[in-house]
Structure formats: structure tokens, C-alpha cells
Amino acid sequence: MTLHLPDANGTLRAYEPRSEPLAVSAGSAFTSRTVFSAAHVVADPYADTTPDGPAAVDWDATLAFRRHLWSHGLGVAEAMDTAQRGMGLDWAGAAELIRRSAAEAKACGGRIACGVGTDQLTAGSLAEVRAAYEEQLAVVEESGAQAILMASRALAATARGPEDYLEVYGHLLRQSAEPVILHWLGPMFDPALEGYWGSSDLDTATDVFLEVIAAHPDKVDGIKVSLLDAQREVDLRRRLPQGVRCYTGDDFNYPELIAGDDQGFSHALLGIFDPLGPLAAEAVRVLDTGNTEGFRALLDPTVPLSRHLFQAPTRFYKTGVVLLAWLAGHQSHFTMVGGLQSARSLPHLARAYELADGLGLFPDPKLAEERMRSLLGLYGVNQ
């Protein structure tokens, strides 16, 4: 049946939903790339909460979604930006998420890495920032998960220059039990991180970032770069010490960065792989056979959807991610912690549905159509 979807001008246009999903199946881990999907959290829709109160999480649905990602061979990057860290999920909620997900990973043999930040603080001294990082690092290491040292709003607000970043990160790397992933999240994802590494000049910031890594290469498994600048990522990964991986976090240019060139490639740690999980996994398995063209043929068509979800203001991409999880049947409702389901317009959500449906991402296209029809009706769009 035809759906009438609103465009950016408020005009309704006819769309014929797809009748069959893309045929993909579960599979084993990859051989040519290490691939993590950052994963969203599922809110408890019956909880009596407020936008600025503690998050109420549906733990069963949240963990079921992680099992879905693991079943396709993907690793899970837990308690990251995609899980609404700092945008609805506070540290207490994140700590519980880390413990639960790490236990689930251990039970089913899934790979997991978890975010370590300082979101107990809004600001503080360098000593307080270090202590906050240390508290979270201990939780992640005690859970048995790999640590991802995330960029810190509190450190960005407190640091006087590059030397403070070198001191804090050096301190953390010296005491980490296992090699960590360092995460550089650009201000398009979080405006509070402007000037990270002590400079708003990206060339200067890059030099400081590399200095941190060079001082402790044995404690850095890799870096996760989310700057949405493909050439900058390529230049950076070519300067990494031997054995330190680059995990692309570029949700605009991931196919070319993962495919790589004659001088190297990026692994992946991506929020867009939350909705793309099965298709992305199929593409990487094709790449495992050495078939780069086949990999690109599968993954390149997904870029328009990703660019749409991550369009400015980029930090609200989570709304589209959760919409697609609901339409795909991974959760029973379109509700988010912090009420963030209201962060994108109906035309934006309609276009996300159209692009995802065109890719065959919905296991049950009829269910997705019915749910999209109900959402349109809620907004007063009669079909």
C-alpha cells in the first residue's frame, strides 16, 4: 500500500514500500577487519520519568539488541555516544549498562569494549578529572571489557593547554591493565569538545594526540576518530606507530576508509552500524575474501542514509537510529531516554524510513510500513 510521506517543504508525496528485505544471515567474526557497532539503549516506555531525570532502561530489550549484533559477528562498543552518554544516560546508568552488557558478552562469546569518561563531573580540577576517569576505568576493567577512553567535557573545560592533556592521558595509560582505544570525538558530535587536545587548530591537536600515543604505544590498541574528515583520518592513520589500529568513526565516509588503499586501511567503530548491522557484517565478510569491489557495492549505497541520520546538528543522530530499531522490530516502541524521540522532525524521520526501506534493512517490511503509518497518523498525516 502507498504511504504518503511529508518532505522538508511540508508536501506529501507518495511512496511505495519495499515488499522484501535484503537477504542476509548471521555469521562468524571477521578476519580482515575488527568491527564494532556502537549500540543504542532501549528506554522503558512505561516509566514515569522526566527529560532531565535518571534514565529508565528496558534492560531485556537493550541486551537483546546486543545479542542481535553479536549474532552477525560484530563487536559491541558499549556506553558510548550512541547510547546517549551525556544526552539522557548518566554515569550511574552507564555503569549498570557496562556491567550488564559485559556479563552478556561473556555468556555468549561476544566482543565488547566500553566507554570510559568523566560524566560524573561537569567541571573540576585536573585531579578531579583524573579521579573520575579512574573510577570509570576500574568499572570497565572489572567487568572484563576492553576500555575506550572517551573525550571528556570536564577535561575540555579545565585544561589550560596541550600539557594538561598529555599529563591526564599519560597518567591513565600508565595504569591501564590492557591496551585501550583512544576516542577523539569532534565538536559536531558534542560542541563541548571544541578545542580538544588543547587547540582548535586540528593540525596542532593532531600532533598532541599523536604525542600521547607515541609515549605509550604498548598501551594503545587503537584510536577511534570521529571528525567526519576522510583525508584527515587517512593522514592520521599513516602516522600511527606500528601495531596501533585506526578505527574509523566517520559516519560519512566509512566504506572508503574501511576498504583502504595501498598504504593501509581503517578498522571500524561506528554508530551507523547499529541500524546497518546485518548488512554491514555481510559486506565485511565479502571484504574478508579480498573482494573490495563487492564490499563497496554492498556498503556504498548505505551512505545516503548515514549522511541523512548524521546531518547537523549531528548529535541528534540517535533519534533516527532508534526510529529504525523500532521499525525493524528490535523494540516495541519509539521512545527514548531523555525524551529524545522529539529531537528530529517528521520529514527527517520519514526520509530515514524511506532510505532504510529502500536498502531492505527491515526484516519485516510490512511491520515497518504499519509502524510508520501509525507514526504518521500520530502527527496528523492521514493516509
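Residue positions are given per chain, counting from 1 as you read along its sequence in written order. This being a predicted model, a pLDDT of at least 70 is required before a residue's local features are given, and a value of 80 or more before pairs of side-chain atoms are given or counted; all residues contribute to the totals for chains, interfaces and linings. Neither water nor hydrogens contribute to the side-chain values; these are computed over all heavy atoms in the structure.

Attention now goes to the overall build of the protein. Working definition: helices are DSSP H or I runs of at least four residues, strands are E runs of at least two. Numbering for both runs from the N terminus. Within the protein one finds 14 helices and 10 strands. All radius of gyration figures rest on C-alpha atoms, and the globule criterion is 2.2 Å times the number of residues raised to 0.38. Since a compact globule built from 383 residues should have a radius of gyration of about 21 Å, the 20 Å found for the protein is in line with a globular shape. Burial status follows relative accessibility: with a 1.4 Å probe on protein chains alone, a residue under 20% of its type maximum counts as buried, one over 50% as exposed, and anything between as partly exposed. Counting all 383 residues of the protein, 57% fall into the buried class. Here, two residues are considered to be in contact whenever any of their heavy atoms come within 4.5 Å of each other. Here the contacts in the protein between residues at least 6 apart in sequence split such that 70% fall between residues at least 24 apart. Carbon together with sulfur atoms contributes 50% to the accessible area of the protein, which is approximately 14,900 Å² in total. Per-residue accessibility takes into account occlusion by the displayed protein chains alone, with areas from the Shrake-Rupley method and a 1.4 Å probe.

Here we take up the pattern of salt bridges. Any Lys or Arg side-chain nitrogen located within 4 Å of an Asp or Glu carboxyl oxygen qualifies as a salt bridge. For the coordinates displayed, the defined rule picks out 19 salt bridges. The partner of R351 in a salt bridge is E354, and the shortest N-O contact between them spans 3.3 Å. Of the two residues, R351 and E354 both sit in helix α13 (residues 346-359), three residues apart, roughly one turn of that helix. The class of R351 is partly exposed, set by a relative accessible area of 33%. For E354, a relative accessible area of 14% puts it in the buried group.

A few words now on helix α7 (residues 230-237). Among all positions in α7, only A230, E233, V234, L236 and R237 are buried. Down the axis of α7, the buried set is contained in an arc of 165 degrees. They therefore lie on one face. On the buried face of α7, the contacting elements are α6 (202-215), β8 (220-226), β9 (245-248) and α8 (254-259). It is the directions from the helix axis to the C-beta atoms that the arc portrays.

Only buried residues count toward a nonpolar core, which is a set of Ala, Val, Leu, Ile, Met, Phe, Trp, Tyr and Cys residues joined through side-chain atoms within 4.5 Å. Among the nonpolar cores identified, the biggest contains 120 residues, and Y169, L182, Y196, W197, I223 and F273 are the most heavily contacted of them. Those residues in contact with W197, other than ones at most four positions away along the chain, are P162, Y165, Y169, W184, A205, V208, F209 and V212. One finds A77, M80, I181 and L269 within the second-largest nonpolar core, a separate group that totals 10 residues.

Where a strand is regular, its side chains alternate between the two sheet faces. In this sheet, strand β2 (residues 12-15) lies alongside strand β1 (residues 3-6) in antiparallel orientation, the contact comprising four bridges. Its bridge partner lying in β2, L3 is registered against Y15. At least two DSSP bridges between two strands are required for those strands to pair. Two successive antiparallel strands, β1 and β2, enclose a turn made up of five residues, where G10 displays a positive phi of approximately 85 degrees.

Okay, the packing of α13 against helix α14 (residues 365-378) next. Put simply, α13 and α14 touch, their axes get as near as 12 Å, and they point 170 degrees apart. One way to sum up the angle between α13 and α14 is to call them roughly antiparallel. Residues L346, L349, A350, Y353 and D357 of α13 lie in contact with α14, whose contacting residues are P365, A368, E369, M372, L375 and L376. Residues are grouped as follows: nonpolar covers Ala, Val, Leu, Ile, Met, Phe, Trp, Tyr, Cys and Pro; charged covers Asp, Glu, Lys and Arg; every other residue, Gly included, is treated as polar. Residue composition of the contact of α13 with α14, by class: nine nonpolar, no polar and two charged. Helix axes are fitted only over the stretch in contact, all axes being lines through C-alpha atoms; the angle between N-to-C directions runs from 0 to 180 degrees. By definition in this entry, angles of less than 35 degrees are roughly parallel, angles greater than 145 are roughly antiparallel, angles of 65 to 115 are roughly perpendicular, and the rest are oblique.

Next up on the list: the side chain of D250. Of note, D250 is situated in the loop between β9 and α8. Neither His nor the chain ends contribute to the count of charged residues, in which Lys and Arg are positive and Asp and Glu negative. Of the side chains bearing the opposite charge, R307 lies closest to the buried D250, which forms no salt bridge; the N-O distance is 6.3 Å. N or O atoms within 3.5 Å of each other form a polar contact, as long as, within protein, one can give a hydrogen and the other can take it, and as long as residues adjacent in sequence are counted only when both atoms are side-chain atoms. Here D229 takes part through its backbone nitrogen, which lies 3.3 Å from a polar atom of the side chain of D250. Sequence-distant contacts of D250, that is, excluding residues within four places in its chain, are made with V225, L228, D229, A230, E233, L257 and L270.

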